[in-house]
Every structure is written in structure tokens, then in C-alpha cells.
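Chain residues, written in single-letter form:
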Amino acid sequence: MVKQYILFLENAETEDHSEVRIAFHKTIESKKDMDLIKGYKEKLQSFDVKYYSHLVTTSKATLSSLKEKDDFFENVHYYSDFQEFLTIAKHTSILKAMDVARYILLLKPTSPLKLQKLLYICYERFYEKKGHFMFNDRFLAYEYGPVVEDVYQNYKGRRDILKLEDDKTIYSITNESFNPIVYRLSRVSYGEEIKKIVKETVEYYSKYSAGDMVRKTHELGTAWSIANNKGRNTEITEDIILKAKPTK
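About the cut-offs
- Residues numbered from 1 in each chain as written.
- Predicted model: local features only at pLDDT ≥ 70, side-chain atom pairs only at ≥ 80, totals over all residues.
- Heavy atoms only, no water.
- Helix = DSSP H or I, 4+ residues; strand = E, 2+ residues; numbered from the N terminus.
- Buried < 20%, exposed > 50% of the residue type's maximum accessible area, 1.4 Å probe, protein only.
- Contact = heavy atoms within 4.5 Å.
- Areas by Shrake-Rupley, 256 points an atom, 1.4 Å probe, with all protein chains shown as cover.
- Core = buried A, V, L, I, M, F, W, Y, C linked by side-chain atoms within 4.5 Å.
- Pairing = 2+ DSSP bridges.
- Axes fitted to C-alpha atoms, helices over the stretch in contact; angles between N-to-C directions.
- Arc of directions from axis to C-beta.
- pLDDT = per-residue confidence, 0-100.

(A) Here's a closer look at the overall build of the chain. When you go through the chain residue by residue, the secondary structure sums to 11 helices and 8 strands. For the chain, buried positions account for 47% of its 248 residues. For the chain, long-range pairs separated by at least 24 residues make up 68% of all intrachain contacts whose partners lie at least 6 apart in sequence. In the structure as shown, the chain presents an accessible area of about 12900 Å², 47% of it carried by carbon and sulfur atoms.

As C-alpha cells, then:
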């Protein structure tokens, strides 16, 4: 008899709410293998990755014997290389503003200031359609429009940022990994719709300068203008977005 250890990522959902099941699989042959598993769990916890595990006794050290044991283990994407599994695990958790920002830059290199405006409009359009936010990061009413602090900090120091002259410094991520961003978007709830909204927004505003988009977000009645009236760097809350006219 053989013991097989399986680490499952907590289920993500596709747009149609079908489950996406991903797991790491290892045959346990000695105490050393269990020590490795303990280390793997600690690594997942350090990245705040949610998981659950199973230790199963089977007749053979194969995935087919595991599936024969219980059909619960069917229809799963299995990984035998933990580093590969860890890379996937880090990109299947809750969607972040940086994920969407990177996807925008994959579609079309742009300036940091314009990136923030595109990110906000995508966020606002998704909220209009679904009634909830695309990601949990919140926008603040900075001088030149809505800004996600994490995205701001990611580019701060590398480029001049949040200046009307920002169009002169164009940024892309052609030197960064492509697959994890697309994979993550494809695995989160409403991922395909998010990608569609981002693509449409990027295409629509492709001819607009950062300055043009600042003027749009600053129009009277927009969420930025309402938040800014409460004070510089005020959070753009759900209540404010509900009261505001859409940015067009």
C-alpha cells in the first residue's frame, strides 16, 4: 500500500461559477517526505495562500489509483513540482489592482498617470455592470484623479508619476512574466468579463492623452470630484460611486 498526499488550493470560480480545482501531489515514502510537506505548507502560509489537504492510502503510487479510490480526486489539475504549483498558487488568490494594471500594460504600454485613469474607469464600469467591485483595493482622490496607492507605490521612483507631463514617460511590462497575469484573470470570478471590459476601455481611450483623461475624471459630479470636495486623498467609497455620474 502507498500513501499519497494532496494539497488543494481553495476553489476559485470561472465566470459561469464552475469550480477550478488545482492541487499539488506527492507520494509519501518516508518521514523526510512528510517534513517536505510541512515545509510546503509553511511556504503557502507565508504567501497567505488558502489550501486544504488529504492523505490517502492507495494500492499504487499513481494518480489513476487515487482517482479509482475516490472520484473526488477526478477533474483536478495536478502538479508534481512544488515550485511550479507555488507560482500558480500565488496567482489564483483574490484579484488585486496590480493584476489589472499589469494586464492593461500588456495590452498597451502607457504612462503611469494614464494607467491610473484606465484602471479606475475599468473598475467603475465593472461596478456598474455587477454591483460589486473588481478588486478590494480602494481608490483615493489624488490631485490628478483616482489613484490606487499600491499601484502608485509600485511605479514611484522609476518614473515621474502623476504629472500632466506624464505622457512623455511610457511604461510597459514586456520584460515581465505574461502567463501568471492572464492565468490569474482567467481563474477569478468574472475573469473573462474583466478582460473584456479592460480591452474595450483600453481600445476606447487609446487616442486620449493622460491630460484628457484627467479632465474627464475631474468633471463636476464624477466620483473623484465628490471625494475631492471632502478633502485631498479622500477614499472614493461605494457610497460616493453610487451618487456620482459615470466617467465617460
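(B) How the structure looks around the nonpolar core. Counting 41 residues, the largest nonpolar core has Leu119, Phe135 and Ile236 as its most contacted members. Of all the secondary structure elements, the ones that give two or more residues to this core are helix H4 (97-107), helix H5 (112-130), strand E7 (139-142), helix H7 (179-187), helix H8 (191-204), helix H10 (223-230) and helix H11 (238-243). With 9 residues, H5 is the single largest residue contributor to this core. Leave out the neighbours within four places in its chain, and isoleucine 236 touches Tyr120, Phe139, Leu140, Ala141, Pro146, Ala223, Trp224, Ala227 and Ile241. Counting residues in each nonpolar core, the second largest holds 17 residues, with Ile22, Phe24, Val49 and Phe85 among its members.

(C) Examining the sheet that holds strand E4 (residues 22-28) more closely. On the basis of which strands lie adjacent, the open sheet formed by 4 strands has the order E5-E1-E4-E6 and mixed pairing. Sheet topology places strand E5 (51-58) and strand E6 (77-79) at the edges, where each strand pairs with a single neighbour. Going across the sheet, the axis of each strand differs from the next one's by a mean of 30°, ignoring polarity. As defined by bridge partners, strand E1 (residues 2-9) adjoins E5 across 8 bridges and the pair is classed as antiparallel. Residue phenylalanine 8 lies in a different strand from E5, and its bridge partner there is tyrosine 52. The strands touched by helix H1 (residues 31-46) are E1, E4 and E5; relative to E4, the strand with the most contacts, the crossing angle is about 160°. Contacting E1, E4 and E6, helix H3 (residues 82-89) crosses the sheet at an angle of about 155° to E4.

(D) Seen up close, H3. All buried positions along H3 are accounted for by Phe82, Phe85, Leu86, Ile88 and Ala89. Seen from one end, H3 has its buried residues packed into an arc of 160°, which puts them on one side.

(E) Local environment of the confidence of the model for the chain. Confidence along the chain averages 84 in pLDDT terms, with 81% of residues attaining 70 or more. In the predicted structure, residues 12-18 sits below a pLDDT of 50 and forms 16 contacts with residues beyond four places in sequence or in another chain.

(F) Highlighting the pairing of E7. Relative to strand E8 (residues 145-148), E7 runs antiparallel, the two being bridged by 4 bridges. The partner of alanine 141 across the bridge, within E8, is proline 146. Hairpin remark: E7 followed by E8, antiparallel, with 2 residues in the connecting loop.

(G) Up close: unusual backbone geometry. The backbone phi angle of asparagine 75 is positive, close to 55°, even though this residue is not glycine. Mapping asparagine 75 onto the fold places it in the loop between helix H2 (63-69) and E6. The phi torsion at asparagine 233 lies on the positive side, around 70°, for a residue other than glycine. One can find asparagine 233 in the loop between H10 and H11.

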